[in-house]
Amino acid sequence: MENKSSIKRIDSNNYIHIYLLLKKIFYFNENKYGNYIKDVLRILLDSEKNGETFIDIDQKIYINLEKEGWPEQHLNALEEVGLINLPSSPFIFKNNKISLIKWTKKIEKILDLFLKKINITSKRIQVKELINQNESAKILKLFEISDLVLLQGGPGTGKSTLIVNLILSFLSNNINIGIAAPTGKASARIKEYLEKHKNKKDQLDKIECQTLHRWIYNSLSRNGKLKYKLNELDLFIVDEMSMVNINLIESVLNLLAHDCKLLLVGDANQLPPINSCSVWNYIFTELDNCDFKDNTINLTKVYRNNGDIENLSKLIFSKNNDLFNSKVNQLINQKKSNKVQIIKSESRNIPIKLADHIRLHLNDLKESVSILSNSNYIFTSFDIRQIDYNRWYFTSWTPITS
């Protein structure tokens, strides 16, 4: 109960602090505009927890609002106060989406760094030159003119295999290669793939594979224990890019050598990082830029069959409810499925049986980390007064003053 109340207290202070900061700077009529602004803040901060930092104003809102008339009345209030559509506005409203300016500025900075690596002034490879080549050859060809290649594909499409093939292609060049992922589990999986090539063990031992946090720490520390620092690499590969938050990738780009080749690998359909923004998902769901498209290898063929789970996942992302419902009904009628258990419920609530499964799983997780938790290794107490919200939410915002 103490943890839950702490979370509620943090969220409340977070929301109130930003609101009071806006009120102090913009001097708006609180009776007329206050609740509209509070609603927008709550929507943005609630969505941030799920990694959604650019909110489509037409999407369904799942929190109770203080004022009716979303989104028209709320946008009118923001504009009248000056919170949008001015150079000094702390919110950005563009392309039917609203966000805090800190995310917009960070995205713009990262995209600019990416474009510099793409070398857009160089001669472009014609798409037809790549049509009859396999994916490994396409990546190598793109690296001839660009220092950035994006590898996008769903589960089972061969991303890990391509990473290994690319590394094997570069080993004979006697270059420094680094591999990273946002989690230890993801980086360990890549290590396992590499260890299967025991005939190249001496060469593979020269490759460093660690988490992004470890790479950054090693590059900033005088006593780094990895084989290389980021600015010493010739090729850097980042897997599970959809889970990489924007602050991490910004730190990496600032530490890499300007001519280091960068291969980013991910799946835009995976969950974004919590309380942050995924630049990977932004590129593939929001951005329409030919330079990024020309440097992207899209994997669509599935080599690892996950049965009905994979089929249902594809139908969910296709946004066609009729096809999804049809597939579910088909599985129900067949009364058998590969790895899928279907629970029907007439209410909008989570079925009791499913809730029980989730509860048991959470209890297992809690028991597994209880020792670490008791020693404050994972969960540590912190003072809300230590949070600098002004710095956190309005880092890139300098208000115009008279």
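Remember, it's a predicted structure, so these values are computed and weren't measured experimentally.

Draft legend 1. Representation of the confidence of the model for the protein in the model. Of the residues in the protein, 77% reach a pLDDT of 70 or more, and the chain-wide mean stands at 78. Ranking the elements of the protein by mean pLDDT puts helix 17 (residues 389-393) last, at 40, and helix 3 (residues 72-81) first, at 96. Across residues 1-10, where pLDDT falls below 50, the model places 4 contacts with residues more than four positions away in sequence or in other chains. Considering only residues more than four positions removed or in separate chains, one finds that residues 377-402, a stretch of pLDDT under 50, has 42 contacts.

Draft legend 2. Structural view of helix 6 (residues 159-171). The first and last C-alpha atoms of helix 6 sit 19 Å apart over 13 residues, in line with the 18 Å expected at 1.5 Å per residue. Helix 6 sits mainly inside the fold: 10 of its 13 residues count as buried. Where helix 6 is concerned, the buried positions are Lys159, Ser160, Leu162, Ile163, Val164, Leu166, Ile167, Leu168, Phe170 and Leu171.

Draft legend 3. Representation of the pattern of salt bridges within the structure. Applying the stated criterion across every chain, the model contains 12 salt bridges. Notably, a salt bridge pairs Asp288 with Lys293, separated by 2.6 Å at the nearest N-O pair. Accessibility classification places Asp288 together with Lys293 in one group, the exposed group. One continuous salt-bridge network, built from bridges that share partners, spans Asp56, Lys97 and Glu286.

Draft legend 4. Representation of the nonpolar core. Grouped together as the largest cluster of nonpolar side chains are 65 residues, with contacts concentrated most on Ile37, Phe114 and Phe236. The greatest single-element share of this core, amounting to 8 residues, is contributed by helix 2 (residues 30-48). In this structure, Val164, Ile190, Leu235 and Ile237 belong to the second largest nonpolar core, which totals 26 residues.

Draft legend 5. Representation of the environment of Glu240 within the structure. Residue position: Glu240 is located in the loop between strand 7 (235-238) and helix 10 (246-255). Given a relative accessible area of 15%, Glu240 falls into the buried group. Each C-alpha atom, one on Glu240 and one on Gln270, is 8.9 Å from the other, the two residues being 30 residues apart in sequence.

Reading guide: rules and limits
Residues numbered from 1 in each chain as written. Predicted model: local features only at pLDDT ≥ 70, side-chain atom pairs only at ≥ 80, totals over all residues. Heavy atoms only, no water. pLDDT = per-residue confidence, 0-100. Helix = DSSP H or I, 4+ residues; strand = E, 2+ residues; numbered from the N terminus. Contact = heavy atoms within 4.5 Å. Expected span 1.5 Å × (residues − 1). Buried < 20%, exposed > 50% of the residue type's maximum accessible area, 1.4 Å probe, protein only. Salt bridge = Lys/Arg side-chain N within 4 Å of Asp/Glu carboxyl O. Core = buried A, V, L, I, M, F, W, Y, C linked by side-chain atoms within 4.5 Å.

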